[in-house]
Amino acid sequence: MSFCVKDILRMQVAPALGCTEPGAVALAAAVAARELDGPVQGIELEMSLNIYKNGRDVGIPGTSGLRGNRIAAARGALAGNPDKGLLVLEGVGEDAAREAKRMVDAGGVRVQVRDEGPGVYVSATLRSGECVVCAVIEDRHDLVRSVVKNGRTIYSLPVSDAPGSAGHPLY
């Protein structure tokens, strides 16, 4: 199989709002939130070292200077639109930024960093009462690999079936 430059760019380039690392974090949280039964009560993030270090201190658009992966996750979970891919936070207002900051300040977003595995990896686990939903992004910033709700897989994309273009539906 041969690829031209246009094909390679289509596979590797997607529009994003701000830095792609916190964009991927926000996207994973928004995908999980879509499946959650009730309001978000807590977020647990597991991410690759690359995602962590590149998103740790970067500004999040539309937040009046708030920074980092925790804010991106909270904002994505509370108000993000996963149908927009890496533009997940587009149009999300200041109210969501304040709510995200309150959640982060209250310790509602925890982060764990993985030393091994793919360079692009984000797992966002959201809780609401007894409901737990986990969304995983892996290999590409906008590639949702799986969504698990209350221990039941509701979406899974095997590695060999990874889509070849950034325009592939998330799930």
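Being a predicted model, the structure only gives us computed values, none of them experimental.

(A) Local environment of the sheet that holds strand β4 (residues 131-138). Ordered in space as β2-β1-β3-β4-β5-β6, the six strands form an open sheet in which the pairing is mixed. Two strands lie at the open edges of the sheet, namely β2 (109-114) and β6 (152-156), each paired on one side alone. Sheet twist, expressed as the mean angle between neighbouring strand axes with direction ignored, is 15°. Strand direction decides the pairing type here: strand β1 (residues 42-48) and β2, joined by six bridges, are parallel. The residue bridging I43 from the neighbouring strand is V109, located in β2. Contacts from helix α2 (residues 20-35) reach β1, β3 (121-128), β4, β5 (144-149) and β6, with the element oriented near 35° to β3.

(B) Representation of the side chain of H141 in the model. With respect to the helices and strands, H141 occurs in the loop between β4 and β5. Accessibility expressed as a relative area gives 19% for H141, which makes it buried. One polar contact links H141 to E21, side chain to side chain, over a distance of 3.4 Å. Excluding its chain neighbours within four sequence positions, the residues that come into contact with H141 are T20, E21, A24, L27, I51, L86 and V120.

(C) The arrangement of the pattern of salt bridges in detail. Following the criterion strictly, the structure yields twelve salt bridges and no others. Between D142 and R140 there is a salt bridge whose closest N-O contact spans 2.7 Å. Relative accessible area serves as the criterion here: at 9%, D142 is assigned to the buried category. Relative accessible area serves as the criterion here: at 13%, R140 is assigned to the buried category. What you see here is one network of salt bridges that share partners, running through E44, R110 and R127.

Cut-offs used in this document
Residues numbered from 1 in each chain as written. Predicted model: local features only at pLDDT ≥ 70, side-chain atom pairs only at ≥ 80, totals over all residues. Heavy atoms only, no water. Pairing = 2+ DSSP bridges. Helix = DSSP H or I, 4+ residues; strand = E, 2+ residues; numbered from the N terminus. Axes fitted to C-alpha atoms, helices over the stretch in contact; angles between N-to-C directions. Contact = heavy atoms within 4.5 Å. Buried < 20%, exposed > 50% of the residue type's maximum accessible area, 1.4 Å probe, protein only. Polar contact = N/O pair within 3.5 Å; in protein donor to acceptor, adjacent residues only side chain to side chain. Salt bridge = Lys/Arg side-chain N within 4 Å of Asp/Glu carboxyl O.

These results come straight from atomic positions and should not be treated as a statement about function.
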